[in-house]
Amino acid sequence: MTEPIVSIRNVSKKFPGGVIAVDNVSIDIAQNEFFALLGPSGCGKTTLLRMISGLETPTSGEIMIGGENMAYTPPNKRPTNMVFQSYAVFPHMTVAQNVGYGLKVTGVEASEITRRVAEGLEMVKLSHLADRKPDQMSGGQRQRVALARALVKRPKVLLLDEPLSALDAKLRDGMRLELTRLQETVGITFIIVTHDQDEALSMASRIAVMDKGAVQQIATPAELYEHPKSRFVADFIGKVNLIDAKVLGQKGKVLNCEAKGLGKIEVSSDKQVGSGVAIAVRPEKLKITTAEPMSSAIRLQGKVRDVAYYGDTSHILIEGKDGLDLSVNVQNDTRLGGAGVERGQKVWVHWAAEDSIVLTE
Ligand code: ATP
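Residues numbered from 1 in each chain as written. Predicted model: local features only at pLDDT ≥ 70, side-chain atom pairs only at ≥ 80, totals over all residues. Heavy atoms only, no water.

Asker: Sorry, what's going on with the pairing of strand 7 (residues 157-161) here?
Answerer: The side chains of a regular strand alternate, residue by residue, between the two faces of the sheet. Counting buried residues along strand 7, five of its five residues qualify, which places the element largely inside the surrounding structure. Side chains V157, L159 and D161 of strand 7 all project onto a buried face; the interleaved residues L158 and L160 project onto the opposite face, where all are buried too. In the sheet, strand 6 (residues 80-83) pairs with strand 7 via four bridges, with the strands oriented parallel. Bridge pairing in strand 7 links T80 to V157. For strand 7 and strand 8 (residues 189-194), the ladder comprises five bridges, and the chain directions are parallel. The residue of strand 8 that forms the bridge with V157 is T189. (Buried < 20%, exposed > 50% of the residue type's maximum accessible area, 1.4 Å probe, protein only. Helix = DSSP H or I, 4+ residues; strand = E, 2+ residues; numbered from the N terminus. Pairing = 2+ DSSP bridges.)

Asker: Please clarify how the pattern of salt bridges should be interpreted in this entry.
Answerer: Tallying each qualifying case throughout the model produces 19 salt bridges. Residue R206 is joined to E33 by a salt bridge in which the shortest nitrogen-to-oxygen separation is 2.7 Å. One end of the pair, R206, is in strand 9 (residues 206-211); the other, E33, is in the loop between strand 2 (20-29) and strand 3 (34-38), and 173 residues separate them in sequence. Residue R206 is classed as buried on the basis of its relative accessible area of 18%. E292 is the partner of R299 in a salt bridge, and the nearest nitrogen-oxygen pair spans 3.0 Å. For R299, a relative accessible area of 24% translates into the label partly exposed. Of the residues examined, E292 reaches a relative accessible area of 43% and is grouped as partly exposed. (Salt bridge = Lys/Arg side-chain N within 4 Å of Asp/Glu carboxyl O.)

Asker: What am I meant to see in the site of the ligand here?
Answerer: Taken together, F15, V19, A21, P40, S41, G42, C43, G44, K45, T46 and T47 make up all the residues around the ligand. For the ligand, an oxygen atom lies 2.7 Å from a polar atom in the backbone of G42. For the shell around the ligand, the element with the most residues is helix 1 (residues 45-53), which contributes three residues. A breakdown of the residues in the shell around the ligand according to their chemical character gives five nonpolar, five polar and one charged. (Near = heavy atom within 4 Å. Polar contact = N/O pair within 3.5 Å; in protein donor to acceptor, adjacent residues only side chain to side chain. Nonpolar A, V, L, I, M, F, W, Y, C, P; charged D, E, K, R; others polar.)

Asker: Sorry if this is basic, but what is going on with the packing of aromatic side chains here?
Answerer: Under the definition given, this model contains three aromatic pairs. Ring centres 4.8 Å apart and planes at 65 degrees place the aromatic pair F90 and Y101 in the edge-to-face group. With F90 in the loop between strand 6 and helix 2 (95-105) and Y101 in helix 2, this residue pair connects regions lying 11 residues apart in the sequence. Relative accessible area serves as the criterion here: at 33%, Y101 is assigned to the partly exposed category. Relative to F236, the ring of F232 has its centre 5.6 Å away and its plane inclined at 5 degrees; by these criteria the two rings are stacked. Here F236 and F232 lie together in helix 8 (residues 231-236), a separation of four residues that amounts to about one turn. Judged by its relative accessible area of 23%, F232 falls in the partly exposed class. We classify F236 as buried; its relative accessible area is 19%. Directly above the aromatic system of Y225 lies the positively charged group of R282, at a separation of 4.0 Å from the ring centroid. (Phe/Tyr/Trp six-rings, centres within 6.5 Å; stacked < 30°, edge-to-face > 60°. Lys NZ or Arg CZ within 6 Å of the ring centre and 35° of its normal.)

The structure is reproduced here in structure tokens:
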């Protein structure tokens, strides 16, 4: 990575009363990245974002922004700007006045404000609504006003706290695309906080997955999905089947284990593992057939317990041996529907050994 624009170094935040909201977190964020802090409610992501913005100060650690430790610098002295969840806009001001407000209070000249407001509205495609009042606009449009207001201040880093959570589902999809387009156009580093994995996966170039104040893994969306490092990440990002297994032996990369409901199987692992592991496999990697598979795939015979139809896909739950249940997602790529199986039917479930992820944590 070239010199990071934001470097969070061993940052912790302990609130009065003893809650450790952020626990020794280190993250480097590169210039021009679309970076997401993702995790369940209470994992500390908002507190971390607020410390980058200066709204909160760390108990220990450094927050380097543009090469300078700004851990204790007030928000208005930092090259960052924040867009809040509720994207509060002033109801009595027009869109243009709202966008120019931050510039006006910092004493920017009127002609410069006019120019930058026009530029900001252009960026978020709102030029035609410059004279409207916010209450005459949709939620998505108000969101853009808030974005433009932050962008005209020309921050080096734009911080976004759950920016899409107040929008309805359809609008949210559209705004995701808009935000990625905007980030590419303006070339500013975006750091977004979200608890919505789809949002993070579809927009971010890299994601830090957090749990209980700590970073569990930092990686690209595809890396997190295909190579999660822990049960927590595998389970939090997308859906997953987790199968407990006892390790019988390891020769180089080949791992022999006794897996729950599967018996003896061979999987591959890049690292030396201990005695117990979990085998993770994504539902769409599993195949269902009525005849026993010919290949050397990992397999089991089971009974269809449930079929849920979602239009483009069907989610099938298979009851195997020893209490092992497996979720299988099939693509409904013909009008007859995916696997064409019914509740109660006996089927084979199988998958390629290389689609198994071996987890030790
Ligand atoms: P959410 O998605 O629900 O907003 P989050 O991951 O953003 O959650 P934080 O808001 O950062 O989590 O909170 C992390 C922990 O710190 C929580 O246990 C929370 O209750 C606690 N916390 C946050 N702010 C304060 C505060 N001002 N005083 C005391 N505890 C706080």
